[in-house]
Amino acid sequence: MKSKTYNGLDLLKFIMALFVVMIHVKPNVHSEILTTVFNPILSLAVPVFFVLSSVLIFKKLTNINRGGTLRLSDTVNV
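Residues numbered from 1 in each chain as written. Predicted model: local features only at pLDDT ≥ 70, side-chain atom pairs only at ≥ 80, totals over all residues. Heavy atoms only, no water.

Chemist: Just to check I follow, could you spell out the overall build of the protein for this structure?
Modeler: Scanning the protein for helices and strands turns up three helices and zero strands. Along the protein, from the amino end to the carboxyl end, the secondary structure elements read α-α-α. Every one of the 78 residues in the protein was classed for burial, and the buried ones make up 14%. Within the protein, contacts between residues at least 6 apart in sequence are counted, and of these 48% link residues at least 24 apart. For the protein, the computed accessible surface area is about 6200 Å², with 68% contributed by carbon and sulfur atoms. (Helix = DSSP H or I, 4+ residues; strand = E, 2+ residues; numbered from the N terminus. Buried < 20%, exposed > 50% of the residue type's maximum accessible area, 1.4 Å probe, protein only. Contact = heavy atoms within 4.5 Å. Areas by Shrake-Rupley, 256 points an atom, 1.4 Å probe, with all protein chains shown as cover.)

Laid out in structure tokens, this is it:
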């Protein structure tokens, strides 16, 4: 079965991961303009990251076993 890739979602997930790092590093503490611009985006970074991760994992699970049982061993390379 051919695996479908979602490059746009992967890129957005990567950007959200960078924003999560920015939450912890706080690079915009000294600039009121950056704080005003980035705080609304940063407040959405964690929820968007988890939703995108869930969507991509669900897509992978449903593509592997169409109509069968979902097994973690099918998705994880051990």
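We are not done yet, so read on.
Chemist: So what exactly am I meant to see when it comes to the confidence of the model for the protein here?
Modeler: Keep in mind that low pLDDT regions are not for reading the predicted coordinates in detail. Mean pLDDT over the protein: 77, with 73% of residues reaching 70 or higher. Ranking the helices and strands of the protein by mean pLDDT puts helix α1 (residues 7–25) first, with 87, and helix α3 (residues 72–75) last, with 59. (pLDDT = per-residue confidence, 0-100.)

Chemist: I tried to follow a nonpolar patch on the surface on my own but got confused; where do I start?
Modeler: Judged by side-chain polarity, Leu11, Phe14, Ile15 and Leu18 come together as a nonpolar surface patch covering roughly 370 Å² of accessible area. Residue placement: Leu18 occurs in helix α1. (Patch = residues over 30% accessible without salt bridge, like charges linked within 9 Å, V, L, I, M, F, W, Y side chains within 5 Å. Salt bridge = Lys/Arg side-chain N within 4 Å of Asp/Glu carboxyl O.)

Chemist: When you look at the nonpolar core in this model, what are you seeing that I'm missing?
Modeler: Inside soluble globular proteins, nonpolar side chains tend to come together where they are buried. Ranked by size, the top nonpolar core spans five residues in total: Met16, Phe19, Met22, Leu42 and Ala45. For this core, the elements supplying multiple residues, two or more each, are α1 and α2 (32–64). No other element matches the three residues that α1 contributes to this core. (Core = buried A, V, L, I, M, F, W, Y, C linked by side-chain atoms within 4.5 Å.)

Chemist: Would you take a moment to explain α1 for this structure?
Modeler: For an α-helix, the turn length of 3.6 residues means that residues three or four places apart are oriented alike. If you check α1, its first and last C-alpha atoms are 27 Å apart, about what 19 residues at 1.5 Å a residue would give, namely 27 Å. Within α1, the full set of buried residues consists of Met16, Phe19 and Met22. What you see down the axis of α1 is that its buried residues fit within an arc of 105 degrees, all on one side. Structural note: α1 exposes Asn7, Phe14, His24 and Val25 on the side pointing more than 90 degrees away from its buried face. Backbone geometry just after α1 places Lys26 at a positive phi near 55 degrees. (Expected span 1.5 Å × (residues − 1). Arc of directions from axis to C-beta.)

Chemist: What am I meant to see in the packing of aromatic side chains here?
Modeler: To describe a pair of aromatic rings, you give the distance between the ring centres and the angle between the ring planes. With the rule as written, the count across this model stands at one aromatic pair. Ring centres of Phe49 and Phe50 lie 5.8 Å apart, and the angle between their planes is 75 degrees; on these two criteria the pair is classed as edge-to-face. Residue classification places Phe49 among the partly exposed residues on the basis of a relative accessible area of 23%. (Phe/Tyr/Trp six-rings, centres within 6.5 Å; stacked < 30°, edge-to-face > 60°.)

Chemist: In this structure, what is going on with the environment of Ala45? I would like to understand it.
Modeler: Along the polypeptide, Ala45 turns up in helix α2. Between the C-alpha atom of Ala45 and that of Lys13, which follows or precedes it by 32 residues, the distance is 9.0 Å. Leave out the neighbours within four places in its chain, and Ala45 touches Met16, Phe19, Val20 and Ile23.

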